[in-house]
Amino acid sequence: MKYPILFLSLSLLITCSACNRRIVDFTIISTKNFDFSKAGTFKRSSGGKVTGEDKVHIILTIPLGNPDMKTAIDRAIESTHGAVALIDGVMYYRWQYYMVV
């Protein structure tokens, strides 16, 4: 083969792909029950950014479940002790596909 590096890089592009899609920008979001009238008395955590994710694996184009936005929000809220909501955030849907040849 005359161009092995070109062939290798093209085969990597074909077998590995990924996509990010922005779902929503939110001011406040929660899956917990709390009194919204007291939302002005809540304090922001000084912990910085938090992430929550829900993963589902795909084998031979067959998904082994459904990724759930509620589960990702719950995991992000539970990562900070005493939190009831997330403030000023962005939610993404991301998928990656790897094909082993």
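Before reading on, note that the structure itself is shown above.
Owing to the predicted nature of the structure, the values given are computational and were not obtained by experimental measurement.

Novice: Please set out the overall build of the chain residue by residue, giving values where relevant.
Specialist: The number of helices and strands found in the chain is two helices and four strands. Helices (α) and strands (β) of the chain occur, in sequence order from the N terminus, as α-β-β-β-α-β. Residues counted as buried form 10% of the 101 residues belonging to the chain. A separation threshold of at least 6 residues defines the contact pool for the chain, and within that pool the share at least 24 residues apart is 71%. Counting only carbon and sulfur atoms, one obtains 59% of the accessible surface of the chain, whose full area is about 8800 Å².

Novice: Describe the side chain of Asp74, with residues and values.
Specialist: For Asp74, the position within the fold is in helix 2 (residues 69-78). Of the residues examined, Asp74 reaches a relative accessible area of 15% and is grouped as buried. Excluding residues within four positions of it along the chain, Asp74 makes contact with Thr31 and Lys32.

Novice: Explain the environment of Ser30 residue by residue, including any values.
Specialist: Here Ser30 is to be found in the loop between strand 1 (16-29) and strand 2 (58-59). Judged by its relative accessible area of 26%, Ser30 falls in the partly exposed class. When the C-alpha atoms of Ser30 and Ala85 are compared, they prove to be 4.5 Å apart, with 55 residues separating the residues in sequence. There is a polar contact of 2.4 Å between the side chain of Ser30 and the backbone oxygen of Val84.

Novice: Give me the nonpolar core: which residues, what numbers.
Specialist: If you look at the biggest cluster of nonpolar residues, it comprises six residues: Phe26, Ile73, Ala76, Ile77, Leu86 and Met91. When residues in this core are grouped by element, the largest group, three residues, is from helix 2. Not counting chain neighbours up to four residues away, the residues in contact with Ile77 comprise Ser30, Thr31, Lys32, Ala83, Val84, Ala85 and Leu86.

Novice: Could you give an account of the environment of Phe42, with specific residues and numbers?
Specialist: Positionally, Phe42 belongs in the loop between strand 1 and strand 2. For Phe42, a relative accessible area of 39% corresponds to the partly exposed category. Separated by 41 residues in sequence, Phe42 and Ala83 place their C-alpha atoms 9.3 Å apart. If near-sequence neighbours (up to four positions away) are discounted, Phe42 is found in contact with Phe34, Asp35 and Val84.

Novice: An account of the pattern of salt bridges is needed here, citing residue identities and associated values.
Specialist: For the coordinates displayed, the defined rule picks out five salt bridges. Put simply, Glu53 and Lys55 hold a salt bridge, and the shortest N to O gap is 3.5 Å. On the accessibility criterion, Lys55 (60% relative accessible area) is exposed. Between Asp54 and Arg75 there is a salt bridge, with its nearest N and O atoms 3.8 Å apart. Linking Asp54 in the loop between strand 1 and strand 2 with Arg75 in helix 2, this pair joins segments that are 21 residues apart in sequence. By relative accessible area, Arg75 is classed as partly exposed at 43%.

Reading guide: rules and limits
- Residues numbered from 1 in each chain as written.
- Predicted model: local features only at pLDDT ≥ 70, side-chain atom pairs only at ≥ 80, totals over all residues.
- Heavy atoms only, no water.
- Helix = DSSP H or I, 4+ residues; strand = E, 2+ residues; numbered from the N terminus.
- Buried < 20%, exposed > 50% of the residue type's maximum accessible area, 1.4 Å probe, protein only.
- Contact = heavy atoms within 4.5 Å.
- Areas by Shrake-Rupley, 256 points an atom, 1.4 Å probe, with all protein chains shown as cover.
- Polar contact = N/O pair within 3.5 Å; in protein donor to acceptor, adjacent residues only side chain to side chain.
- Core = buried A, V, L, I, M, F, W, Y, C linked by side-chain atoms within 4.5 Å.
- Salt bridge = Lys/Arg side-chain N within 4 Å of Asp/Glu carboxyl O.

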